[in-house]
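# Structural description and commentary
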Amino acid sequence: MNGRQAVPSIRGKPGWLRRLDPLTKGIWLLCTGLAVMLTLSLTAQLLWFLIVLLIAGTGAGWRLKQWRLFALWALGFGLPLLLFQWLMLPSGGEEPLWQPFGSGGPTLTASALELSAALTLRSMTLFASSIVYATTTEPRDVVVALTQQLRMPDKLAYAAAVALRFVPLLLAEAEQIRRAERLRRLTPVRGVGGRLQSARRMALAIVRSALRHVQDVSTAMEAKRFGSARARTQWRRIAISPVGCLLAAATIGAAAATLVWL
Amino acid sequence: MNSSWKQAFRNLTVREWMLMALLAAANGVATSLLSHVNKLLHGWGGPILTSTIVGVYMVYGLLAMYIIRKPGAAAGTYAIGALLQIMVGTSYGIWSAIAAAACYAVIVEPLFFIYRYKRFGWLAMLFAGVAMVPLWFVVAAFMFGYIHYSSTVLIVSLFVRCASGMLLCGGLTKWIGDRLASTRYVRPYALGQQHNNAA
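Residues numbered from 1 in each chain as written. Chains lettered and ligands numbered in written order. Predicted model: local features only at pLDDT ≥ 70, side-chain atom pairs only at ≥ 80, totals over all residues. Heavy atoms only, no water.

Let us now look at the pattern of salt bridges. Residue and element names in this part refer to chain B. On inspection of all chains with the given rule, the structure shows four salt bridges over all chains. Its salt-bridge partner being Glu16, residue Lys70 comes within 3.0 Å of it at the nearest N-O pair. Residue Lys70 is located in the loop between helix H3 (59-68) and helix H4 (73-88), and its partner Glu16 is located in helix H2 (residues 14-51); the two are separated by 54 residues in the primary sequence. (Salt bridge = Lys/Arg side-chain N within 4 Å of Asp/Glu carboxyl O. Helix = DSSP H or I, 4+ residues; strand = E, 2+ residues; numbered from the N terminus.)

Spelled out as structure tokens, the structure:
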């Protein structure tokens, strides 16, 4: 895996979601998560999943490749989970639809299928909404929104931004160390013990080289007197758009309606 | 955020914040590398199989506490980790990122406050690894619907999680921390200073 894959790309066709501020989109994300977690109704789960897909389809600007990846990921995870839960969830003494392992084995009932489908859809909605948010939001806008609108301590918000910068760096470092190790050894590692030893060597090498980066970055930040000013000046400003407010208000309303009626 | 937490965060230096950021990033890398495995385990084995690797996700905050040894080190690292997951996207949703970070921090910080930031032996670390598990397990059980499984599945899952927390979180943190203690990279932190004083 390379660094580009680890951090979601926000490039692609511009969709309306990309123009929204991170805060109102964050309210959408939180309310969607809350609504699906507080209900077990299959109808509600299905509706929320379709709404997230609709929002992604119209506003995220995903390309066909991204949709294919999402579908592969959702099916590869969703189908086994649906079957596993259908088998494992209690049948409640109901008439079985099917007994795959004979009369002594677990029974597959309609109520277990309904519950399993609701729980699977809940997981898929949580996953999809989070990916939609990440692929349509600039991380630096999130940091600005956290410090400006939510009054989060600068050090915490900027540390998160620095952490995001570290991710591709660490992945590149890991790849470099892995290649160097392979060149030095020339023969492939065999056996569990050999693999464990190799993983141990590599983990320590990565941690040490990453700690070197910490020293460089923190020295540079201290030289620039980061965190010493009482009030931080901001070059970027995040404006809350009316469409964002509308999306947030509609999601809060929909979440409340789900909890009351579904 | 109350004033004591603000004070704890203020006492952390820029160098310490950067270390916390790095550990959160390392967790982000591990999470993205393990997410396929984790989803497969969840899909094919539900809460029991997912529980086997749960300890790996908790290492970064405990390792920050092991190296920095100050109030707020673990909570800050878990908070950065949660923010990073929100920005990058998480396969379990935003609430799981926030709730997991909060559950781990709520256990680790008081535990090391009771230890007065002085007990970092094998027993203390293994216990910390186990102690971090139950609260998040209960929250996750409601969040992902594990509560609908039979009690046997839940008890086995909790047991597997505790074992994973003890070995893959507490044990691994102690092992990595001890390997780093003698290196020059941790000299500015409490771990390196205490190691030098002891040597």
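For an α-helix the count is 3.6 residues per turn, leaving residues at separations of three or four pointing the same way. Residue and element names in this part refer to chain B. Among the residues of helix H6 (residues 122-131), those classed as buried are Ala124, Met125, Ala128 and Gly129. Down the axis of H6, the buried set is contained in an arc of 135°. They therefore lie on one face. Contacts from the buried residues of H6 go to H3, helix H5 (94-114), helix H7 (133-143) and helix H8 (151-181). (Buried < 20%, exposed > 50% of the residue type's maximum accessible area, 1.4 Å probe, protein only. Arc of directions from axis to C-beta. Contact = heavy atoms within 4.5 Å.)

The next point concerns a nonpolar patch on the surface. Residue and element names in this part refer to chain A. There is a patch of nonpolar side chains on the surface, built from Leu47, Ile51, Val260, Trp261 and Leu262 and spanning about 550 Å² of accessible area. Counting only elements with at least two residues in the nonpolar patch, the list comes to helix H3 (42-60) and helix H9 (242-261). Along the chain, Leu47 falls in helix H3. For Leu47, a relative accessible area of 45% gives the class partly exposed. (Patch = residues over 30% accessible without salt bridge, like charges linked within 9 Å, V, L, I, M, F, W, Y side chains within 5 Å. Areas by Shrake-Rupley, 256 points an atom, 1.4 Å probe, with all protein chains shown as cover.)

Facing the 61 residues of chain A at the interface are 58 residues of chain B. For the pair chain A and chain B, the two sides together bury roughly 5,400 Å², of which 77% comes from carbon and sulfur. Its largest share of buried area at the contact with chain B, chain A owes to Trp73, Leu156 and Leu211 of chain A, together 11% of the area lost on that side. Counting across the interface, chain A meets chain B through one salt bridge. In this structure, Glu222 of chain A engages Arg15 of chain B in a salt bridge whose closest nitrogen and oxygen atoms are separated by 3.4 Å. For the interface between chain A and chain B, the tally reads six residue pairs in polar contact (both at pLDDT 80 or more). Elements that contribute at least two residues to the side of chain A that touches chain B include exactly helix H2 (22-37), helix H4 (64-88), helix H5 (110-136), helix H6 (139-148), helix H7 (154-185) and helix H8 (191-223) of chain A. When residues in the side of chain A that touches chain B are grouped by element, the largest group, 14 residues, is from H8 of chain A. (Buried area = accessible area lost by both parts, 1.4 Å probe. Polar contact = N/O pair within 3.5 Å; in protein donor to acceptor, adjacent residues only side chain to side chain.)

Here we come to the UniProt feature "transmembrane region" (unreviewed entry) in chain A. Residues and elements named next belong to chain A. UniProt feature "transmembrane region" (unreviewed entry): in the numbering of this structure it lies at residues 27-57, 69-88, 156-174 and 238-261. Along residues 27-57, the helical share is 87% and the strand share 0%, with 19 Å between the first and last C-alpha atoms. The span residues 156-174 is 100% helix and 0% strand, and its two end C-alpha atoms sit 26 Å from each other. (UniProt positions renumbered as here; feature names shortened; annotations may be inferred.)

Okay, H5 of chain A next. Spanning 27 residues, H5 of chain A covers 38 Å between terminal C-alpha atoms, matching the ideal 39 Å at 1.5 Å per step. Burial runs high along H5 of chain A: 23 of the 27 residues are buried. (Expected span 1.5 Å × (residues − 1).)

Residues and elements named next belong to chain B. Taken N-terminus to C-terminus, the directions of H3 and H4 make an angle of 145°; their axes are 8 Å apart at the nearest point. Regarding H3 and H4, the two cross each other, and that crossing is right-handed. For the pair H3 and H4, the contacting residues are Tyr60, Gly61, Leu62, Ala64, Met65 and Ile68 in the first and Ala73, Ala74, Thr77, Tyr78 and Gly81 in the second. (Axes fitted to C-alpha atoms, helices over the stretch in contact; angles between N-to-C directions. Left-handed = near helix turned anticlockwise from the far one by under 90°.)

What the rule picks out here adds up to zero disulfides over all chains. For the unlinked cysteine Cys245 of chain A, the closest cysteine sulfur is that of Cys31 of chain A, found at 13 Å. (Disulfide = S-S within 2.5 Å.)

Our next topic: the nonpolar core. Among the nonpolar cores identified, the biggest contains 130 residues, and Trp17, Leu62, Tyr78, Ile80, Phe112 and Trp136 of chain B are the most heavily contacted of them. When residues of this core are assigned to their parent elements, the largest contribution, 14 residues, is made by H7 of chain A. Ignoring anything within four residues of it in the chain, the contact list for Ile80 of chain B reads Leu156, Ala159, Ala160 and Ala163 of chain A together with Trp17, Met20, Ala21 and Ala24 of chain B. (Core = buried A, V, L, I, M, F, W, Y, C linked by side-chain atoms within 4.5 Å.)

All names here are of chain B. Its identity as a non-glycine residue notwithstanding, Arg69 has a phi of 55°, on the positive side. Exposure remark for Arg69: the relative accessible area of 13% places this residue in the buried category. Backbone geometry places Arg116, a non-glycine residue, at a positive phi of 60°. For Arg116, the location among the structural elements is in the loop between H5 and H6.

Residues and elements named next belong to chain B. Here chain B shows a mean pLDDT of 89. Residues at 70 or above account for 97%. Mean pLDDT values for the elements of chain B range from 71 in helix H1 (residues 3-10) up to 96 in H6. Scored by ipTM, the complex comes to 0.84, with pTM at 0.87. (pLDDT = per-residue confidence, 0-100.)

Take the packing of H8 of chain A against H8 of chain B next. Running from N to C, H8 of chain A and H8 of chain B cross one another at 60°; their axes reach a closest spacing of 11 Å. Relative to H8 of chain B, the element H8 of chain A lies oblique. Along this stretch, H8 of chain A crosses H8 of chain B, giving a crossing that reads as right-handed. Side by side, H8 of chain A and H8 of chain B meet where Arg200, Leu204, Val207, Arg208 and Leu211 of chain A of the first sit next to Trp175, Arg179 and Leu180 of chain B of the second. Its residues assigned to classes, the contact of H8 of chain A with H8 of chain B shows five nonpolar, no polar and three charged. (Parallel < 35°, antiparallel > 145°, perpendicular 65-115°, else oblique. Nonpolar A, V, L, I, M, F, W, Y, C, P; charged D, E, K, R; others polar.)

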